[in-house]
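Topology and contacts: notes
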Amino acid sequence: GIQVEQSPPDLILQEGANSTLRCNFSDSVNNLQWFHQNPWGQLINLFYIPSGTKQNGRLSATTVATERYSLLYISSSQTTDSGVYFCAVSSNDYKLSFGAGTTVTVRA
Amino acid sequence: GAGVSQTPSNKVTEKGKYVELRCDPISGHTALYWYRQSLGQGPEFLIYFQGTGAADDSGLPNDRFFAVRPEGSVSTLKIQRTERGDSAVYLCASSLTGELFFGEGSRLTVL
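Computed from a predicted structure; not experimentally measured. (Residues numbered from 1 in each chain as written. Chains lettered and ligands numbered in written order. Predicted model: local features only at pLDDT ≥ 70, side-chain atom pairs only at ≥ 80, totals over all residues. Heavy atoms only, no water.)

1. A look at the overall build of chain B
Of the regular secondary structure elements, chain B holds zero helices and eleven strands. Counting from the amino terminus, chain B carries its helices and strands in the arrangement β-β-β-β-β-β-β-β-β-β-β. Computed over C-alpha atoms, the radius of gyration of chain B comes to 13 Å, within 12% of the 13 Å expected from 2.2 N^0.38 for 111 residues, which places it in the range of a compact globule. Its C-alpha atoms put chain B at 40 × 25 × 20 Å along the principal axes. Across the 111 residues of chain B, 46% fall into the buried class. Partitioning the intrachain contacts of chain B with sequence separation of at least 6 by distance along the chain shows that 52% fall at a separation of at least 24. Of the roughly 5,300 Å² of accessible surface on chain B, 46% is carried by carbon and sulfur atoms. Counting 11 positive and 12 negative side-chain charges, chain B places the averaged centre of each group 8 Å from the other. (Helix = DSSP H or I, 4+ residues; strand = E, 2+ residues; numbered from the N terminus. Rg over C-alpha atoms; globule rule 2.2 N^0.38 Å. Buried < 20%, exposed > 50% of the residue type's maximum accessible area, 1.4 Å probe, protein only. Contact = heavy atoms within 4.5 Å. Areas by Shrake-Rupley, 256 points an atom, 1.4 Å probe, with all protein chains shown as cover. Lys, Arg positive; Asp, Glu negative; His and termini not counted. Charge placed at Lys NZ, Arg CZ, Asp CG, Glu CD.)

2. A word on the interface of chain A and chain B
Every contact between the two is made by 15 residues of chain A and, on the other side, 19 residues of chain B. Across the chain A/chain B interface, buried area totals approximately 1,500 Å², and carbon plus sulfur atoms make up 52% of it. The interface formed by chain A and chain B contains one salt bridge. One salt bridge connects Asp56 of chain B with Lys95 of chain A, and the closest N-O pair in it is separated by 3.7 Å. On the surface where chain A and chain B come into contact, there are eight residue pairs in polar contact (both at pLDDT 80 or more). (Buried area = accessible area lost by both parts, 1.4 Å probe. Salt bridge = Lys/Arg side-chain N within 4 Å of Asp/Glu carboxyl O. Polar contact = N/O pair within 3.5 Å; in protein donor to acceptor, adjacent residues only side chain to side chain.)

3. As for the pairing of strand S9 (residues 88-95) of chain B
Sheet faces and side chains relate simply in a regular strand, where the side chains alternate between the two faces. Residues and elements named next belong to chain B. The buried fraction of S9 amounts to eight of the eight residues, a majority that puts the element mostly inside the structure. Of the two faces of S9, both are covered, the one formed by Ala88, Tyr90, Cys92 and Ser94 as well as the one formed by Val89, Leu91, Ala93 and Ser95. Direction of pairing for strand S4 (residues 31-37) relative to S9: antiparallel, over a ladder of seven bridges. When the sheet's bridge partners are listed, Leu32 is paired in S9 with Ser94. Relative to strand S10 (residues 101-102), S9 runs antiparallel, the two sharing two bridges. The residue bridging Ser94 from the neighbouring strand is Phe101, located in S10. (Pairing = 2+ DSSP bridges.)

4. What about the environment of Trp34 of chain B?
All names here are of chain B. Mapped onto the fold, Trp34 is located in strand S4. Looking at Trp34, the relative accessible area reads 0%, which means it is buried. Sequence separation of Trp34 and Thr76 is 42 residues, and the distance between their C-alpha atoms is 9.6 Å. Among the polar contacts made by the side chain of Trp34, one reaches the side chain of Ser75 at a distance of 3.0 Å.

That is the geometry; function is a separate question.
Have a look at this one:
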C-alpha cells in the first residue's frame, strides 16, 4: 500500500504563530484529505485536495501531486487548533492510508 | 441525518463476548467504510461497501470480524469471540463523490 509520512511528529506553538505541516506519500494518488482530530476523537474534514491549493479561513493547503507531497498551513494559531492533524491518501478513491499524524499544541 | 452517526459511543465487554457496532451514514451517501484506530496511531482501513455489497474487505484482521449493510444504508460491524487486542476506536465513514466524512467512533474496550 501507499506509505504516508507526516512531519513534524510534534509541534508546540505560541498562540498567534504560523506553522507548516508536511505530508509525503510514496505513490500517485487521486484522493488526499487533511483531517483535524479533536481531543474528543472526532475527525474533522479540513481539505479534500488531491491537487492544487485551497484556503479556508486561517487554514490553507497545497498538494503537488507530481512531487508527491502536500502542505497544510496554519496561520495565527489559536488554542482551539490543538489536536492531531492527519493526512490521508488513496490511489483508488476509497482505501485511505493515513499518516501517523502531527500533534499540535498551541499555548496561550 | 446531518452527519455519520455511530452507536454505541462506548462499549465495554469481556473477552470472548460478541459485539455489534452500528453506523448510520449521511443520507444519500452510497459508499460506507469502517476503520479502526488504536491509541497513538492513524486509522486503518477495515472494509468498504458500495451499496449493499462489500467491495473490499481486505482490511478485516481475521474471520472473527464481519460487517453487513443489508439495505445499502445502515451498517453493522460484528466481532465474535472478542480479544483484548480488539480494543480500539472503530470509525465509520461515508462518501458520495470520494471525500470521506467520519463519525465520532465507537470506543471498544475488551477486559
